[in-house]
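Analysis of the macromolecular model
Residue strings, one per chain:
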Amino acid sequence: MSAPHTSHATGYQGLDPAEAARRLASHGANVLPGTTPKTLFAITVGVLVEPMFLMLLVAGGLYLALGDRAEAAFLLAFVFVVIGITLVQERKTQRALESLRELSAPRALVIRGGEEIRIPGREVVVGDLLVLHEGDRIAADAVLLDGHLDVNESLLTGEAVPVTKLPGADAGQLFASTVATKGVGIAEVRAIAGATAVGRIGQALADTVEPASGLQLASRRLIRNLTVGGLLLATAYTLLGWLWDGHGLLQSVLAGIALTMAILPEEIPVILTVFLALGAWRIAKHKVLTRRVPAVEALGAISVLAVDKTGTLTQNRMQVAELRLPDDSAHDEGATGLPEPFHALVEFAMLATPADPFDPMEKAIQQFGLHWLTGTEHVHAEWAPEFEYALSPDILAMTHVFRGDARDAHLLATKGAPEAVIDLCHLGAADAATVLRQVEAMAERGLRVLGVARGEWRGEAWPRSQHDFDFRFLGLLGFVDPPRPEVPAAIAECRGAGVRIIMLTGDHPATARAIARQVGLSERAEVITGAEMAALDDAALRERLRHVDLCARLKPEQKLRLVQLLREGGEVVAMTGDGVNDAPALKAADVGIAMGERGTDVAREAAALVLLDDSFASIVTAIRQGRRIYDNITKATRFVFAVHMPIIALALVPALLHWPVLLMPVHIVLLELLIDPACSVVFEAEPADGNIMRRPPRAPSDSPFAAANLRHAVIQGLGFAGILLLGYGLLLGQDVAAAQGRSAVFIALIVGLFLLTLANRDLSRPALARAPAKNPWLMRMFGGVALMLAVVIGVPFFRGVMGLALPDAPMLLATVAMLAAAIVWLELLRRAARMR
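Let me begin by describing the structure that accompanies this report. The structure displayed is predicted, hence computed values, not measured ones. (Residues numbered from 1 in each chain as written. Predicted model: local features only at pLDDT ≥ 70, side-chain atom pairs only at ≥ 80, totals over all residues. Heavy atoms only, no water.)

**A look at the packing of helix α9 (residues 267–284) against helix α24 (residues 665–683)**
One way to put it is that α9 packs onto α24 with a least axis distance of 9 Å and a crossing angle of 25°. For the element pair α9 / α24, the angle class is roughly parallel. The handedness of the crossing between α9 and α24 is right-handed. Two secondary-structure elements touch here, α9 through E267, V270, I271, V274 and F275 and α24 through E672, I675, D676, C679, S680 and F683. Split into classes, the residues belonging to the contact of α9 with α24 amount to seven nonpolar, one polar and three charged. (Axes fitted to C-alpha atoms, helices over the stretch in contact; angles between N-to-C directions. Helix = DSSP H or I, 4+ residues; strand = E, 2+ residues; numbered from the N terminus. Parallel < 35°, antiparallel > 145°, perpendicular 65-115°, else oblique. Left-handed = near helix turned anticlockwise from the far one by under 90°. Contact = heavy atoms within 4.5 Å. Nonpolar A, V, L, I, M, F, W, Y, C, P; charged D, E, K, R; others polar.)

**Re the pairing of strand β14 (residues 397–403)**
Counting buried residues in β14 gives six out of seven residues, a clear majority hidden from the surface. Pairing of strand β13 (residues 387–389) with β14, which is carried by three bridges, proceeds in the antiparallel orientation. Counted as the bridge partner of Y389 is T399 from β14. (Buried < 20%, exposed > 50% of the residue type's maximum accessible area, 1.4 Å probe, protein only. Pairing = 2+ DSSP bridges.)

**Focus: the layout of surface pockets**
Computed from the structure, the second largest pocket encloses a volume of approximately 860 Å³. If you trace the second largest pocket, you find 28 residues lining it, with D631, T634, R638, N709 and L763 closest to the centre. Listed by contribution, the elements that provide at least two residues to the lining of the second largest pocket are α23 (616–656), α25 (707–733) and α29 (809–835). Of the residues forming the lining of the second largest pocket, the biggest block, six residues, is contributed by α23. Considering only residue class, the lining of the second largest pocket consists of eight nonpolar, seven polar and 13 charged. (1 Å grid on protein atoms, 1.4 Å probe; cavity = no way out; pocket = protein on both sides within 12 Å on 5 of 7 lines; lining within 4 Å. Points joined across faces, edges and corners; volume = space filled by probe spheres on them.)

**Regarding α9**
Counted at 1.5 Å a residue, the expected span for α9 with its 18 residues is 26 Å, and the 25 Å between its end C-alpha atoms agrees. Across the 18 residues of α9, 13 count as buried, placing the element largely inside the fold. (Expected span 1.5 Å × (residues − 1).)

**Some details on the pattern of salt bridges**
Considering all chains together, one arrives at 33 salt bridges under this definition. A salt bridge links D590 to R567; its shortest N-O distance comes to 3.1 Å. Taken together, the residues span a long stretch of sequence, with D590 in the loop between α21 (583–588) and β22 (591–595) and R567 in helix α20 (residues 556–568) at a distance of 23 residues. Two residues, D762 and R765, come together in a salt bridge whose shortest N-O distance is 2.4 Å. Each of E322, R324, D328 and R445 takes part in salt bridges that share partners, so that together they form one network. (Salt bridge = Lys/Arg side-chain N within 4 Å of Asp/Glu carboxyl O.)

**What about unusual backbone geometry?**
For D328, which is not a glycine, the phi torsion comes out positive at approximately 75°. With respect to the helices, strands and loops of the structure, D328 is situated in the loop between β11 (319–324) and β12 (330–332). For D328, a relative accessible area of 42% translates into the label partly exposed. One non-glycine residue, D735, adopts positive backbone phi at about 60°. When you line up the elements, D735 lands in the loop between α25 and α26 (738–761). D735 sits in the exposed class, given a relative accessible area of 72%.

**Regarding a nonpolar patch on the surface**
The grouping of L239, W242, L243 and L249 at the surface amounts to a nonpolar patch, some 400 Å² of accessible area in total. Tracing the sequence through the fold places L239 in helix α7 (residues 214–243). (Patch = residues over 30% accessible without salt bridge, like charges linked within 9 Å, V, L, I, M, F, W, Y side chains within 5 Å. Areas by Shrake-Rupley, 256 points an atom, 1.4 Å probe, with all protein chains shown as cover.)

Written as structure tokens, this is what we have:
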């Protein structure tokens, strides 16, 4: 809940906080019927139909049929261990996603106890007073009490044209989940949750099905191909053992199951689900909320970051810093009084501003005016405009029309972009040039500048356009919005990471240049304006954007075109936005980023990420985290493929060479219990590389499943498999008992699994080199490996089930020799890869 502040809505007290809490407890939360988290039963059923689980059951049944009750009991016990591990992983992922969903739930601004507070939409109760602004999604069915709103009700009616709402039971009916597109209002809640119109027609908006990400689709294709290939190979292997080698059918099927279990890389879906969900949760800790989890994988590929200046690069703490009259006399911040000549300028700036504004610049105007003019005849709190001309793409100015003393006389107050106000005042060329020089000088000091004018008009029917009035230019207001202190360092980090930053602003080009200079955004001083963009065709604009980093006097709808052209040029684009008009561009960007503090609900819902603190530095942190997550998925994938190679080879080759069996299903299940946590815990917690923000973005076509990454893993694993098979063959050649030889190879394989974990953490360092960043799970994994070996080798029951023997000194020496050869192999391969 946000900190309360006194409500500007005079006369409205709203519910008492205690009464609101009582109603929430009595009537329940304001949530629509949606999907519920997976139950324990549903997760268990999901495990029961997994191929690996079904193979464990079949293998257990075959052991029983062969009379090996101990092996059967051991395998079936592992069924429950697998279910337990899956439940822990699923619950961990689910908790991360639930916390993200809670953060991303709609919010509402309500009046309680005479103060405005922002609360989660689920806490809105019947009788609450909602304060609604442009871009808000309405939290409940309500009736407008005060103000004027245009509302998009297409969700209910299918009509895209906004509906005008006026105070009253008939004309002011507001419906939950519709969007205020224009205006300000106060409404009283009449129905919540399932009792709302949208609830009654069964809309479940709270949860939507998450589309699969590019990585998830690629992994599914890979696993499908490997599964088909593995089943064909295992079937051939089973038939070969039965028909050619003369083994019994059940024994051959058991060997085929062992091979299938060795081939299936069922850890890949776990890696992607866990890494992306926990990655989104970690990013949320840095004040960046992930609304769509697949966006996490795109973060590491961002090559262009298009950012709003106001509030993202700057603090969004607008203050009137300078007033300037047409005769060039000025009033600066810090002056002890406001001279009389400036009173009219401030008075008409206030009249052209809503009494309870939402925009930071308009808030600054009201605060400045009330500070200096309270107690004078220049404050008109009781006046309400009869008519308003809103800001439009054609005229970047707004006019409020007030009734004058005479019956048909009206007073006009206008403010807007200086160029637009000059145009409305029909200034001569010399006067216009003088004002524009003033504007340029103020903008070069980093000030945002507005022009103010007044006018009189007589008549009954309002003219179609503000151009039909006669205005008199009163002067300029300069606003200061200082850059955020953390921005220069974050921009430098971005540039070091090869991410280009483009500033988007509706301000004057000189203001854009001044702020860019202060934060070190670009060494290129060239600016392109919205008007220049409109005059260029797509090819010319695409070429121009290669050389320009500052876009000024930009209209929101031009952001969509800018994003589309950058993407067509091969860039991966992240864009920030906060308004209703920004939503199409946020959706079109590879990563749309909405503002959490000042952004509209519409922008937040269109975006993939939401900045909870609106800070540019948080975007850079998210990019760093995105790169770390992608790196760790790549490392974990490489490890999975490397570790499956020796398991496949040790299950397949001994039978083909008529050696005693090396790996049985019980061994493979034991290995899977180590491989799963290594993937989903150890690699997920791997810290970022030291150079992660000193290298260019990855290409969008890159993938952890790319041939180069998998080739390295396969060669790694095959080399290790060759060492183990060579060792086993030499031991058998020395007439060593099969159980002794199996023990030596199995111990080397289990410890080698840990070696492969170390080797794939960082290909730039030897496997046993001490990494600069610590992973707290590595030593825990080593402890788990040591404990598992101690139990399997030391406890007679487990030793018997596994077909192992207590290794004597020569066997331990053979194990050490195999591991030493594996370390040398991994280091030679690493150096060869780096040289290549």
